[in-house]
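# Topology and contacts: notes
Each chain, written out:
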Amino acid sequence: MDRFDRIFELNRILQAARHPVSRQRLQDALECSRATVTRLIEDMRLHLNAPIVYDRDLNGYTYDLADGAMYELPGLWFNASELHALLTVQQLLTSVEPGLLDPHLKPLQKRIGDLLELQRPGFDGLSARVRIMQVGARRSGRHFQTVAGALAQHQRLRIRYFNRGDDRHSDREVSPQRLTYYRDNWYLDAWCHLREGLRTFALDAIEAARQLSTTALPVADEELDRHFAVSYGIFAGTPQQTAVLRFSPERARWVAKEQWHRDQTGQFLEDGRYELRIPYSNALELTMDVLRYGPDVEVVEPAILRDLVRDRLAAALAQYG
């Protein structure tokens with residue numbers, strides 16, 4: 001048995017026993033030494049808050065419980081890799097929005113650390129050795145809690161929104177549907193009652209937010225998925241076209257492993273280039289992604305996207321005379 005197996009078995013024995021269980025019986029059942037039994041009992045007391053007591057009169061161990069009560073192992077019971085993953089997720093949440101969930105996550109982090117220490121002493125420091133580096137991230141702004149609260153309670157929001165694209169401000173009533181963390185930034189997917197349709201709002205561009213008492217308009221998950229998840233990137237909608245991109249043999253070694261879109265298809269060509277096909281509805285974000293590959297990519301189709309990328313490259317070149 002490994003350490004966790006023995007803890008499970010020790011818990012099962014103590015729960016089932018009508019009388020205190022001797023140390024020798026525990027040694028035999030757990031297939032371990034006297035010292036190991038002692039360590040397991042102490043670990044359960046220390047890390048799992050197990051009410052194990054020693055009855056001197058009956059020379060055995062038992063749970064010290066009130067009549068009818070029963071001790072259960074904590075619900076947070078994972079193997080080492082799962083615990084490490086949880087610690088990493090906790091660090092990710094802290095990185096994307098510092099301080100947001102600290103009161104809730106710190107007790108969880110301590111419990112996870114205790115369980116890791118119980119399984120493999122000294123392994124609870126992994127999260128400190130994992131770095132999550134964000135580039136170009138924008139803070140979610142002052143209204144994250146208000147937006148998240150309205151979303152959780154299915155209430156509408158009154159927001160003042162700054163549209164950076166056209167440099168305009170607008171006041172809107174929206175029914176929150178989902179919060180999306182995409183490319184290091186937070187977005188609110190919502191039904192906009194001003195435009196009478198689904199829209200996406202960058203949280204850092206929300207200048208004011210107030211939760212209303214009106215119940216939010218519900219939108220079916222299937223419709224949300226069709227609108228927000230089908231097309232390329234945060235600019236969602238039903239795909240109108242498919243982009244055909246061809247990457248140089250050198251860049252192909254990286255791009256072939258990348259996930260740009262859930263419905264993308266790709267293949268290596270005979271000359272070593274990699275051809276990637278991506279459905280999209282709005283060319284803006286796709287164009288920015290294509291431009292970052294410079295001479296290592298060619299837009300083959302559609303012609304309108306090819307022309308757009310060519311014009312942006314020409315404009316960039318003009319900056320340098």
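About the cut-offs
Residues numbered from 1 in each chain as written. Predicted model: local features only at pLDDT ≥ 70, side-chain atom pairs only at ≥ 80, totals over all residues. Heavy atoms only, no water. Pairing = 2+ DSSP bridges. Helix = DSSP H or I, 4+ residues; strand = E, 2+ residues; numbered from the N terminus. Salt bridge = Lys/Arg side-chain N within 4 Å of Asp/Glu carboxyl O. Buried < 20%, exposed > 50% of the residue type's maximum accessible area, 1.4 Å probe, protein only.

Labelled according to an unreviewed UniProt entry, the protein chain appears under the name Putative DNA-binding transcriptional regulator YafY, originating from Thiocapsa rosea.

## Let's talk about the pairing of strand E3 (residues 155-163)
Of the pairings in the sheet, the one linking E3 to strand E7 (residues 206-215) comprises 6 bridges and is antiparallel in character. Across the sheet, Gln155 pairs through a bridge with Thr215, a residue of E7. With 7 bridges joining them, E3 and strand E4 (residues 168-182) adopt antiparallel strand pairing. Within E4, the position partnered with Arg160 by the bridge is Asp171. Connecting E3 to the antiparallel partner E4 that follows it, the hairpin turn spans 4 residues, and Asp167 within it adopts a positive phi of roughly 55°.

## Points about the pattern of salt bridges
This model, assessed by the stated rule, comprises 21 salt bridges. Notably, a salt bridge pairs Arg183 with Glu285, separated by 3.6 Å at the nearest N-O pair. Residue Arg183 is found in the loop between E4 and strand E5 (185-192), and its partner Glu285 is found in helix H9 (residues 283-291); the two are separated by 102 residues along the sequence. Taking the relative accessible area as the measure of exposure, Arg183 reaches 44% and is therefore partly exposed. Relative accessible area serves as the criterion here: at 5%, Glu285 is assigned to the buried category. Shared partners join several salt bridges into a network, and the residues in it are Arg183, Glu285, Asp289 and Arg292.

## Here we look at unusual backbone geometry
Of the consecutive residues Glu301 and Pro302, the connecting peptide bond is found in the cis state with omega at -10°. Tracing the backbone through its elements, the reader meets Pro302 in the loop between strand E11 (297-301) and helix H10 (303-318). If you check the backbone angles, Asn49 has positive phi at about 55° while not being a glycine. Take Asn49: it is sitting in the loop between helix H3 (34-47) and strand E1 (52-55). With relative accessibility at 58%, the residue Asn49 sits in the exposed group. Although it is not a glycine, Asp167 sits at a positive phi angle of roughly 55°. Relative to the helices and strands, Asp167 is located in the loop between E3 and E4. Among the residues examined, Asp167 registers a relative accessible area of 57% and is labelled exposed.

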